[in-house]
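Listed below, chain by chain, are the residues.
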Amino acid sequence: MTARLSVRELSVRFPLRGGRTVAAVTDVSFDLAPGECLALVGESGCGKSVLASALLGLLPGNARVRGAARLDGLDLLTAGEAVLARRVRGRRIALVPQSPASHLTPVRTVRSQLEETVRELTGARGPKLRGEAERAAERAAFPAGHLDRYPHQLSGGLAQRAATALALVGGAPLLIADEPTTGLDRDLVDRTVDELRRQVDAGHGLLLITHDLAAAERIADRVAVMYAGRVVELTGAAGFFGTPGPRHPYARGLLEALPERSFTPVPGMPPELDALPGGCAFAPRCDRATGACAAVPALTGARAGAVACHHAHSHAPEAADA
Ligand SMILES: Nc1ncnc2c1ncn2[C@@H]1O[C@H](COP(=O)(O)OP(=O)(O)OP(=O)(O)O)[C@@H](O)[C@H]1O
């Protein structure tokens, strides 16, 4: 089963007491095809997790949502809790969680948790149930010999695989992984993302939410850079991480902040989302900003590379940067 996700002008607002509003996500549009990994990157607090929650119907009650998010025919934003709970979460969209430790039940073995999820999602019973649970573990490279262990008996990497196995039980065509590598050392990060890539190569779509650019570089086909709730660049991963590099000054800054590059942080701090400046939200931190940046730049360009900046770096070799 495959599925194409199509998000259009998705916005999420949280009205606060006193009349202020948090603009957590603003006018986000992207597509995600089966067998494709889109990495959603950006600094902490830029709206990545709120976007994922919107797609899963897991926003808190005070959220106001606008736009559309279609998974094949179904609009996830208007589907209603009953449909999302019975037909979408676990079955059509699976969440690989940020913190497997808090996602796994501490007092039950991995096998028992897997079997319960298999029973719920497939109705399997008896020996079939046991076999299905073991197959789910195998799909996430969770070793059969550890199935009868409790979560506290697992290493961080195995706990992550157990959580991934649970996410994969329902055969959901779309996976959303929200910071799946947080707290893991580099070696485990690589193994975790390689396992997710195997799922992509098997035909799943993967939205990888991360601030770990090295993890994104390792597995993403495309990259969406978020800043202050908006996607400011959406482009192919190879060109983004390699040559010619990002076009948006913020995206360039993010890459240059990496220890293996110039290790220079982007100056300043991101704005509060309940007090966004008018115009381009990055302008106060941007050395290219001019009066033109008083107007919010639209995300323009082809699917292969779109950028929202009045002074984007040019990729045309003969053209001077604007
Ligand atoms: N229920 C809520 N009410 C008000 N504001 C909220 C609510 N939930 C999230 N926010 C705000 O929405 C913004 C986006 O948060 P989000 O968690 O999506 O960021 P993020 O990019 O995922 O950050 P991180 O990488 O730290 O998880 C933040 O400013 C956060 O404070």
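Residue numbers restart at each chain and count upward from 1, following the sequence in its written direction. Reporting in this predicted model follows two pLDDT cut-offs: at least 70 for local features of residues, and 80 or more for side-chain atom pairs to be given and counted; totals over whole chains, interfaces and linings ignore these cut-offs and use all residues. Only heavy atoms go into the side-chain values, all of them from the structure, while hydrogens and water stay out.

- By the naming in an unreviewed UniProt entry, the protein chain goes by Peptide/nickel transport system ATP-binding protein and is assigned to Streptomyces radiopugnans.
- UniProt positions are given in the numbering used here, feature names are shortened, and annotations may be inferred rather than shown by experiment. Among the UniProt annotations of the protein chain, the heading Sequence similarities (unreviewed entry) holds the following wording: "Belongs to the ABC transporter superfamily."
- The Subcellular location (unreviewed entry) field of the UniProt record for the protein chain holds the comment "Cell membrane".

### Let's talk about the domain arrangement of the protein chain
Part 1: Partitioning the protein chain into structural domains gives domain 1 (5–92 + 172–307) and domain 2 (103–171).
Part 2: Counting residues at the interface gives 14 residues for domain 1, matched by 12 residues for domain 2.
Part 3: Two parts placed together each lose some accessible area under a 1.4 Å probe, and adding up what both lose gives the buried area. When domain 1 packs against domain 2, the two sides together hide about 1100 Å² of surface, and 49% of this comes from carbon and sulfur.
Part 4: Every case where a carboxyl oxygen of Asp or Glu lies within 4 Å of a side-chain nitrogen of Lys or Arg is listed as a salt bridge. Summed over the shared surface of domain 1 and domain 2, the number is one salt bridge. Those domain boundaries reflect an automatic or database domain assignment. Contact definition: two residues touch when any of their heavy atoms are within 4.5 Å.

### A few points about the side chain of Arg161
Part 1: By the secondary structure assignment, Arg161 is in helix 6 (residues 156–168).
Part 2: Each residue is placed in one exposure class: buried if its accessible area under a 1.4 Å probe, protein chains only, is under 20% of its type's maximum, exposed if it is over 50%, and partly exposed if it falls in between. With a relative accessible area of 14%, Arg161 lands in the buried category.
Part 3: Under this definition, polar contacts are N or O atom pairs within 3.5 Å; protein pairs additionally need one hydrogen-donor-capable and one acceptor-capable atom, and for neighbouring residues in sequence, both atoms have to be side-chain atoms. A distance of 3.0 Å separates polar atoms of two side chains, one belonging to Arg161 and the other to Glu195. Going along the chain from the N terminus, every DSSP run of H or I of four or more residues is numbered as a helix, and every run of E of two or more is numbered as a strand.

### Remarks on the UniProt feature "domain: ABC transporter" (unreviewed entry) in the protein chain
Part 1: With numbering matched to this structure, UniProt assigns "domain: ABC transporter" (unreviewed entry) to residues 7–253.
Part 2: What you have in residues 7–253 is 38% helix and 26% strand, and the ends, taken at the C-alpha atoms, are 27 Å apart.

### Concerning unusual backbone geometry
Part 1: For the peptide bond that leads from Thr243 to Pro244, omega is 10 degrees, which places it in the cis range.
Part 2: One non-glycine residue, Glu9, adopts positive backbone phi at about 45 degrees.

### What to know about the sheet that holds strand 8 (residues 205–210)
Adjacent strands of a sheet pair through backbone hydrogen bonds, lying either parallel or antiparallel.
Part 1: Pairing between two strands requires that DSSP report at least two bridges joining them. The mixed open sheet is built from eight strands, whose spatial order is 6-7-8-3-9-10-12-11. Every interior strand has two partners, whereas the edge strands, strand 6 (93–96) and strand 11 (300–302), have only one. Mean inter-strand twist for the sheet, computed between neighbouring axes without regard to direction, equals 15 degrees.
Part 2: Judged from the five bridges that link them, strand 7 (residues 174–178) and strand 8 form a sheet pairing that is parallel. Lines are fitted to the C-alpha atoms to define the axes, a helix being fitted only along its stretch in contact, and any angle between axes, read from their N-to-C directions, falls within 0 to 180 degrees.

### Some words on the packing of helix 4 (residues 110–122) against helix 6
Part 1: Across the interface, helix 4 lies against helix 6 with an axial gap of 9 Å and an inter-helix angle of 15 degrees. One way to sum up the angle between helix 4 and helix 6 is to call them roughly parallel. In this structure, the crossing between helix 4 and helix 6 has a hand that is right-handed. Residues Val110, Gln113, Leu114 and Thr117 of helix 4 touch helix 6, and the partners they reach there are Ala162, Ala165 and Leu166.
Part 2: Its residues placed into classes, the contact of helix 4 with helix 6 shows five nonpolar, two polar and no charged. When describing relative orientation, an angle under 35 degrees is termed roughly parallel and one over 145 degrees roughly antiparallel, while 65 to 115 degrees is termed roughly perpendicular and anything else oblique. If you view the pair so one helix is near and one far, a crossing is left-handed when the near helix is turned anticlockwise from the far one by less than a right angle, and right-handed when it is turned clockwise. Under the scheme applied, nonpolar residues are Ala, Val, Leu, Ile, Met, Phe, Trp, Tyr, Cys and Pro; charged residues are Asp, Glu, Lys and Arg; polar residues are all the others, including Gly.

### Points about the site of the ligand
Part 1: Only a single heavy atom is needed: when it lies within 4 Å of a molecule or strand, its residue is near that molecule or strand. By nearness alone, 15 residues border the ligand, and Ser44, Gly45, Cys46, Ser49 and Val50 come closest of all.
Part 2: Contact between the ligand and Cys46: an oxygen atom at 3.0 Å from a main-chain N or O atom of the residue.
Part 3: Measuring from an oxygen atom of the ligand, one finds a backbone N or O atom of Val50 at 2.8 Å.
Part 4: Note that accessible areas follow from Shrake-Rupley with a 1.4 Å probe, and for residues the cover is restricted to the protein chains shown. For the ligand, the accessible surface in isolation is 640 Å², of which the surrounding protein chains cover 66%.
Part 5: Listing elements by their share of the shell around the ligand, those giving two or more residues are strand 2 (21–32) and helix 1 (48–56).
Part 6: Looking at the shell around the ligand element by element, the count peaks at three residues for helix 1.
Part 7: Of the residues assigned to the shell around the ligand, the class counts are seven nonpolar, five polar and three charged.

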